[in-house]
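Given next are the chains, with one letter for each unit.
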Amino acid sequence: MPRTKKSKDTKSTDTKDAGSSAVRNRQHKSTAKTDGYAPGTTEQLQTQPTERGAVQSPQIPGNVIKKLVAFSVTLLIAPILTYFLSLNFVFAGSTTPAAITAAVTANIVLAAYVYAAWVEESDDNSSHSKRKSD
């Protein structure tokens, strides 16, 4: 059987159909209800109504922001400080070991942040389950 080529009109129609289904999918996702719960959790979202009665996005607790800022500043300062201190006082001008020390310091700060977030989340989950059982 001889092959027939698709006409340009058919190709453009297929593209339009694919594009319109993508738009429909985006619209469907944006109108999905969360029922007041954070995605993936059983904790209800904290929302506050605005002047017009519309609900704003959830409020981020102050301690979370403080922890993020503290770890961000530490991540900025600690590796640089470690690099120059080890360069001048420990490795006597050898840059490679000083750079390795700075990289290890940055990884330690990142690991500490992940651990702090993990502990905070497990504390929140355990206190939530305690409240639920009471």
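Scoring rules and cut-offs
- For every chain, the first residue of its written sequence is number 1, and the numbers climb from 1 along that sequence.
- Only residues with pLDDT of at least 70 get local features here, since the model is predicted, and only at 80 or more are side-chain atom pairs given and counted; chain-wide, interface and lining totals rely on the full set of residues.
- Water and hydrogen atoms were dropped before computing side-chain values, which therefore reflect all heavy atoms in the structure.
- Put simply, DSSP H or I for four residues or longer makes a helix, DSSP E for two residues or longer makes a strand, and each gets a number counted from the N terminus.
- Throughout this description, buried means an accessible area under 20% of the type-specific maximum (1.4 Å probe, protein chains only), exposed means over 50%, and partly exposed covers the range between.
- Whether two residues touch is decided by their heavy atoms; if any such pair falls within 4.5 Å, the residues are in contact.
- A 1.4 Å probe and the Shrake-Rupley method give the accessible areas. Residues count as covered only by the protein chains that appear here.
- Between the rings of Phe, Tyr and Trp (Trp by its six-membered ring), a pair exists once the centres lie within 6.5 Å; its type follows the angle of the planes, with under 30 degrees stacked, over 60 edge-to-face, and the other angles tilted.
- Note on scores: pLDDT gives the predictor's confidence for each residue, bounded by 0 and 100.

Draft legend 1. Just the overall build of the chain, in detail. Scanning the chain from terminus to terminus reveals three helices and zero strands. Secondary structure elements of the chain, listed N to C terminal, follow the sequence α-α-α. Per-residue burial over the chain gives 8% buried out of 134 residues. Here the contacts in the chain between residues at least 6 apart in sequence split such that 31% fall between residues at least 24 apart. Counting every atom, the chain has about 11500 Å² of accessible surface; 60% of that belongs to carbon and sulfur.

Draft legend 2. Here's a closer look at unusual backbone geometry. The residue Ala92 is not glycine, and still its phi comes out positive at about 50°. Considering the arrangement of structural elements, one finds Ala92 in the loop between α2 (62-90) and α3 (95-133).

Draft legend 3. Structural detail: the packing of aromatic side chains. Counted under the stated rule, the structure contains two aromatic pairs. When the ring of Phe71 is compared with that of Tyr113, the centres are 5.1 Å apart and the planes differ by 65°; the resulting orientation is edge-to-face. Taken together, the positions of Phe71 in helix α2 and Tyr113 in helix α3 put the pair 42 residues apart, joining distant regions of the chain. Residue Tyr113 is classed as partly exposed on the basis of its relative accessible area of 30%. A centroid spacing of 5.0 Å and a plane angle of 80° characterise the contact between Tyr83 and Phe84, whose relative ring orientation is edge-to-face. A residue is classified by how much of its surface remains accessible, and Phe84, at 45% relative accessible area, is partly exposed.

Draft legend 4. Spotlight on the confidence of the model for the chain. Overall, the prediction assigns the chain a mean pLDDT of 75, with 53% of residues at 70 or greater. Helix α1 (residues 8-30) is the least confidently modelled element of the chain, averaging 51 in pLDDT, while α2 averages 95, the highest of any element. The low-confidence segment residues 27-32 (pLDDT under 50) makes zero contacts with residues lying over four places distant or belonging to another chain.

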